[in-house]
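One letter stands for each residue in the lines below.
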Amino acid sequence: MRVREVLALTLTLAATVFMFTPFFWILGTIIYKGVSVLAKAGFSFLVNIPPLPGFNSLGGIANVLEGSLLIVGMAIAIAAPTSLLSAIYITLYEDSPIARLGRTLLDLMVEFPTIVVGISVFLVFGLTLGLGLNALVASIALALIMIPYTTIQAIEAMRVPKSMTYEGAVALGLTESHIAKILLIEGRRGVITGVLIGMAKIFGETAPLLFTTTTSFNIFANSPLSPVSAVPVLIYVYAFSPYTNWQQVAWGASLILSLVVLSIYLSARLSLGKGDRYA
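Please read all numbers here as calculations on a predicted model, not as lab measurements.

1. Let's talk about the overall build of the chain
So, point 1. The helix and strand inventory of the chain stands at eleven helices and zero strands.
So, point 2. The linear arrangement of helices and strands in the chain, starting from the amino end, is α-α-α-α-α-α-α-α-α-α-α.
So, point 3. C-alpha extents for the chain along the principal axes are approximately 75 × 65 × 30 Å.
So, point 4. The buried share of the chain, taken over its 279 residues, is 38%.
So, point 5. Across the chain, the fraction of contacts at a sequence separation of at least 24, relative to all contacts at a separation of at least 6, is 74%.
So, point 6. Of the roughly 15,100 Å² of accessible surface on the chain, a fraction of 71% belongs to carbon and sulfur atoms.

2. Looking at the packing of helix α3 (residues 97-110) against helix α5 (residues 135-158)
So, point 1. Running from amino to carboxyl end, α3 crosses α5 at an angle of 130 degrees, the nearest separation of the two axes being 9 Å. On the basis of the axis angle, α3 is oblique to α5. Seen from above, α3 lies across α5 with left-handed handedness. Each of Arg-103, Leu-106, Asp-107, Met-109 and Val-110 in α3 lies in contact with α5, whose residues at this interface are Leu-144, Pro-148, Tyr-149, Thr-151, Ile-152, Ile-155 and Glu-156.
So, point 2. Class assignment for the residues of the contact of α3 with α5 results in eight nonpolar, one polar and three charged.

3. A short note on helix α8 (residues 188-203)
So, point 1. The end-to-end C-alpha distance of α8 is 23 Å, a good match for the 22 Å that 16 residues give at a rise of 1.5 Å each.
So, point 2. Those residues of α8 that sit buried are Gly-190, Val-191, Thr-193, Gly-194, Gly-198, Ala-200, Ile-202 and Phe-203.

4. With respect to the packing of helix α2 (residues 62-92) against α5
So, point 1. Close contact between α2 and α5 brings their axes to 6 Å; oriented N to C, the two are set at 35 degrees. Both α2 and α5 take part in a crossing whose hand is right-handed.
So, point 2. For the contact of α2 with α5, a count of residues per class yields 22 nonpolar, seven polar and no charged.

5. Considerations on the nonpolar core
So, point 1. By size, the foremost hydrophobic cluster in this structure holds 45 residues, and its most contacted members are Ile-61, Leu-142 and Leu-234.
So, point 2. Going through the elements one at a time, α1 (3-41), α2, α4 (114-128), α5, α8, α10 (231-239) and α11 (244-273) are the ones with two or more residues in this core.
So, point 3. The leading source of residues in this core is α5, at ten residues.
So, point 4. One finds Ala-99, Ile-152, Ala-154 and Leu-183 within the second-largest nonpolar core, a separate group that totals 14 residues.

Cut-offs used in this document
Per chain, the residues get numbers from 1 upward, laid out in the order the sequence is written. This being a predicted model, a pLDDT of at least 70 is required before a residue's local features are given, and a value of 80 or more before pairs of side-chain atoms are given or counted; all residues contribute to the totals for chains, interfaces and linings. Water and hydrogen atoms were dropped before computing side-chain values, which therefore reflect all heavy atoms in the structure. Helix and strand definitions here come from DSSP, where helices need a minimum of 4 consecutive H or I residues and strands a minimum of 2 consecutive E residues; each element is numbered from the N-terminal end. Burial classification: accessible surface area is computed with a 1.4 Å probe over protein chains only, and a residue below 20% of its type maximum counts as buried, one above 50% as exposed, and the rest as partly exposed. Contacts were defined at the residue level, with two residues in contact if any of their heavy atoms lie within 4.5 Å. In these tables, accessible area is a Shrake-Rupley quantity obtained with a 1.4 Å probe, and a residue counts as shielded only by the protein chains included in the view. Only the stretch in contact is used when fitting a helix axis, every axis being a line fitted to C-alpha atoms; angles between N-to-C directions are given from 0 to 180 degrees. Any angle from 65 to 115 degrees is called roughly perpendicular, while one under 35 is roughly parallel, one over 145 is roughly antiparallel, and all others are oblique. By convention, the crossing between two helices is left-handed when the near helix turns anticlockwise from the far helix through less than a right angle, and right-handed when the turn is clockwise. Any residue outside Ala, Val, Leu, Ile, Met, Phe, Trp, Tyr, Cys, Pro, Asp, Glu, Lys and Arg is labelled polar, Gly included; the first ten of those are nonpolar and the last four are charged. To estimate how far a helix should extend, the number of its residues minus one is multiplied by 1.5 Å. Within this scheme, the nonpolar core is defined by two criteria: the residues are buried Ala, Val, Leu, Ile, Met, Phe, Trp, Tyr or Cys, and they are joined through side-chain atoms within 4.5 Å.

Given below as structure tokens:
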């Protein structure tokens, strides 16, 4: 092997290690700090409410975990059908001006600052419409963030040569509803993967929730219109607090949140990796 080749291999390997080092350092720190908190608190960490000022106990994250699950679930209910229908239209009519504009806007939405999404949703739905800070408003913000990821993945999953779908199906006398059904069957794994990737993306989002949820961590959500908080917001507030036990709760919550997001992402990768794309 030549010296240049050895040098190139060494540089690329070093760059690869350098790229992943921060991730493993962050993950290792979260595991080290979080495991000690969970070992001390036990299962009660998942069923108790966070500690209030003046209390030295660890408490738990029950209500904010419930809030996160509620918000993410509602966001999926909004984003999944919207993304699926949009993806079908863009795939069927990819040469139309609306479809081309839609794909361009999707690429733009992926890069759009999530904090701007959060404050915009708060100003429109929270203030203008008078809904305040609740699960519905928070789920709308997360749905807007999730839609481009899910839609783009669904488009890529359903994209096959036109001779195999639209033109061929029309020649056989099939209606557009039948063609859409064929696209869904062909790209079902990719569509499911897109939903899981979008879910993993929004589960850990913090910026939009700072404007759409409450920082009262001792309440449970009774309905979609009731005030609610979430795990990322608790981590943000408790991590900067002067109380040692609050900081410990933030580490424990960070570990739980990381495990949830990593589990969703691994599920998405396994779903995408099973069989070929059109199996």
